[in-house]
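Below are the chains, spelled out letter by letter.
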Amino acid sequence: MGGAASKMAIVVAYFLIYVVWGSTYYFIGVALRGLPTFLLGALRFSLAGLLLLSLCFLRGEKVFRPSLIRRSAVSGIVLLFVDMAVIMLAQRYVSSSLVAIVAASTAIWILLFDVPMWRRNFRNLSTVGGVLWGFAGVGLLYVEQFLTESDAYPHSEYGILILIGGCVSWALGTLYAKYRSSGEEEVNCFAGSAWQMLSASLLFWICAFLFDDFSGWRWEEVPASAWLSLLYLVTFGSLLAYSAYVWLLKVRPATEVATHAYVNPVVAVVLGVGFGNEEVTAVQFIGLAIILLSVMLVNRNPATDTTHST
């Protein structure tokens, strides 16, 4: 992927952010059975960042340039740390179904904030319609669960506000990574991803100590399934999927890349059926169909992104 944006590279990258990234919901749940929340984030992004940075260094990339580190740190903190910390905090106030629904609104926020692409996006009815239909589809995936769980969270308004703030942060971080990249980030795209992960991991380590994630548990008591899930999150979730996301932002429209917010819940539902013995209702089937239709609509325009050379 280091050179021209070939069709095969784009297809592989979309597979990673659609399917592989969607599977991380399941593996995060397994990992949290043995690892505290902030410590999980710290370990995941520290290991992934160090591995990716080492690979870039061995390839001869100039990974220690101050401008590369500075701009990547901003993107990493806004994208990775704020988003994941917000989701973990919001789950104190709202159900997991509402988290999934509100988090899917990220695609809408990107559409609204992507000012350089307003003319193209808002003149294209398939793009606008696809984004809105996709959000409706995610809502149908979780509406039944939300209606049965909502009474258990008396302060849900706090959680919704926190989640919206996290979605806005992810959208702004996405657009910052796309349009405000330094020259070094354009050339050393994956080194930038590594610094983003390392910057996020630093804040996760700080929070792990502040919230005392190290008390009440022992390393030797962590089940093997949690360690294997962490390994999956490091390799597939971060090294591959997140790096693919950052690369896609350089070569494709941000609104198009943001459709992962609709496909990821679909993958999570499929894994829940396959491994968690969950059932899919008729309403959820309708939601799945609407999501697939919305992704086809958003990706209907074959034109490439004119804001970056490909």
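**Student:** So what's going on with the nonpolar core? Residues and values would help.
**Tutor:** Counting 86 residues, the largest nonpolar core has Ile17, Tyr242, Tyr245, Trp247 and Leu248 as the members making the most contacts within it. Ranked by the residues each element gives to this core, the list is headed by helix H11 (residues 224-251), at 15 residues. Apart from residues lying up to four places away in sequence, Ile17 is in contact with Gly22, Ala241, Ala244, Tyr245, Leu248, Val257, His260 and Asn264. Counting residues in hydrophobic clusters, the runner-up holds six residues, among them Val86, Val99, Val102 and Cys167.

**Student:** Help me get a handle on the environment of Val12, residues and values and all.
**Tutor:** Secondary-structure assignment places Val12 in helix H1 (residues 7-31). On a C-alpha basis, the gap between Val12 and Ala241 in space is 9.8 Å, while along the polypeptide they are 229 residues apart.

**Student:** Can you explain a nonpolar patch on the surface? Please cite residues and give values.
**Tutor:** The grouping of Leu112, Phe113, Val115, Trp118, Phe122 and Leu172 at the surface amounts to a nonpolar patch, some 530 Å² of accessible area in total. Listed by contribution, the elements that provide at least two residues to the nonpolar patch are helix H5 (106-113) and helix H6 (118-123). Its place among the elements puts Phe113 in helix H5.

**Student:** Which residues make up the confidence of the model for the chain, and what are the values?
**Tutor:** Across the chain, the average pLDDT comes to 82, with 84% of residues at or above 70. Confidence drops under a pLDDT of 50 for residues 302-310, and excluding neighbours within four residues, the segment shows 21 contacts in the predicted structure.

**Student:** Provide a residue-level description of unusual backbone geometry, including the pertinent values.
**Tutor:** One non-glycine residue with positive phi stands out, namely Asp212, at about 55°. With respect to the helices and strands, the residue Asp212 is situated in the loop between helix H10 (189-210) and H11. The class of Asp212 is partly exposed, set by a relative accessible area of 45%.

**Student:** Provide a residue-level description of the pattern of salt bridges, including the pertinent values.
**Tutor:** Opposite charge on two side chains allows them to pair when their charged atoms are near. In the structure shown here, the tally under the stated rule is two salt bridges. Residues Glu256 and Arg252 are paired through a salt bridge, measuring 2.9 Å at the closest nitrogen-oxygen approach. For Glu256, a relative accessible area of 6% corresponds to the buried category.

**Student:** Pulling in residues and values, what's your account of H1?
**Tutor:** Residues separated by three or four positions in an α-helix point in the same direction, a consequence of the helix having 3.6 residues per turn. Relative to the 36 Å expected for 25 residues at 1.5 Å per residue, H1 spans 34 Å between its end C-alpha atoms, a close match to the ideal helical length. Of all the bends found along H1, the most pronounced is centred on Tyr25 and spans about 30°.

**Student:** Tell me about the environment of Glu256, residues and numbers included.
**Tutor:** Topologically, Glu256 is positioned in helix H12 (residues 254-257). Separated by 149 residues in the primary sequence, Glu256 and Ala107 have C-alpha atoms spaced 8.5 Å apart. Setting aside its immediate chain neighbours within four residues, Glu256 contacts Tyr14, Tyr18, Val298 and Asn299. Here Tyr14 takes part through its side chain, which lies 2.5 Å from a polar atom of the side chain of Glu256.

**Student:** Describe the packing of helix H2 (residues 37-58) against H10, with residues and values.
**Tutor:** Packing of H2 against H10 brings their axes to within 7 Å, and their N-to-C directions diverge by 155°. Judged by the angle between their axes, H2 and H10 are roughly antiparallel. The handedness of the crossing between H2 and H10 is left-handed. Grouping the amino acids of the contact of H2 with H10 by side-chain chemistry returns 20 nonpolar, five polar and no charged.

**Student:** Go over the environment of Glu61, please, and point to the residues and values.
**Tutor:** Mapping Glu61 onto the fold places it in the loop between H2 and helix H3 (66-90). Residues Glu61 and Ala191, spaced 130 residues apart in sequence, show a C-alpha to C-alpha distance of 7.7 Å. One polar contact links Glu61 to Arg59, side chain to side chain, over a distance of 3.5 Å.

**Student:** Break down the packing of aromatic side chains for me, with residues and values.
**Tutor:** This model, assessed by the stated rule, comprises 19 aromatic pairs. Ring centres of Trp21 and Tyr245 lie 5.1 Å apart, and the angle between their planes is 65°; this geometry places the pair in the edge-to-face category. Highlighted residues: Trp21 in helix H1 and Tyr245 in helix H11, separated in sequence by 224 residues. One exposure class covers both Trp21 and Tyr245, and it is buried. Between the aromatic rings of Tyr232 and Phe236, the centroid separation amounts to 5.0 Å while the plane-to-plane angle is 25°, which identifies the pairing as stacked. Here the residue Tyr232 and the residue Phe236 both occupy positions in helix H11, the gap between them amounting to four residues, near one helical turn.

The rules we used
- Residues numbered from 1 in each chain as written.
- Predicted model: local features only at pLDDT ≥ 70, side-chain atom pairs only at ≥ 80, totals over all residues.
- Heavy atoms only, no water.
- Core = buried A, V, L, I, M, F, W, Y, C linked by side-chain atoms within 4.5 Å.
- Buried < 20%, exposed > 50% of the residue type's maximum accessible area, 1.4 Å probe, protein only.
- Helix = DSSP H or I, 4+ residues; strand = E, 2+ residues; numbered from the N terminus.
- Contact = heavy atoms within 4.5 Å.
- Patch = residues over 30% accessible without salt bridge, like charges linked within 9 Å, V, L, I, M, F, W, Y side chains within 5 Å.
- Areas by Shrake-Rupley, 256 points an atom, 1.4 Å probe, with all protein chains shown as cover.
- Salt bridge = Lys/Arg side-chain N within 4 Å of Asp/Glu carboxyl O.
- pLDDT = per-residue confidence, 0-100.
- Expected span 1.5 Å × (residues − 1).
- Bend = angle between axes of the 7 residues up to and from the residue.
- Polar contact = N/O pair within 3.5 Å; in protein donor to acceptor, adjacent residues only side chain to side chain.
- Axes fitted to C-alpha atoms, helices over the stretch in contact; angles between N-to-C directions.
- Parallel < 35°, antiparallel > 145°, perpendicular 65-115°, else oblique.
- Left-handed = near helix turned anticlockwise from the far one by under 90°.
- Nonpolar A, V, L, I, M, F, W, Y, C, P; charged D, E, K, R; others polar.
- Phe/Tyr/Trp six-rings, centres within 6.5 Å; stacked < 30°, edge-to-face > 60°.

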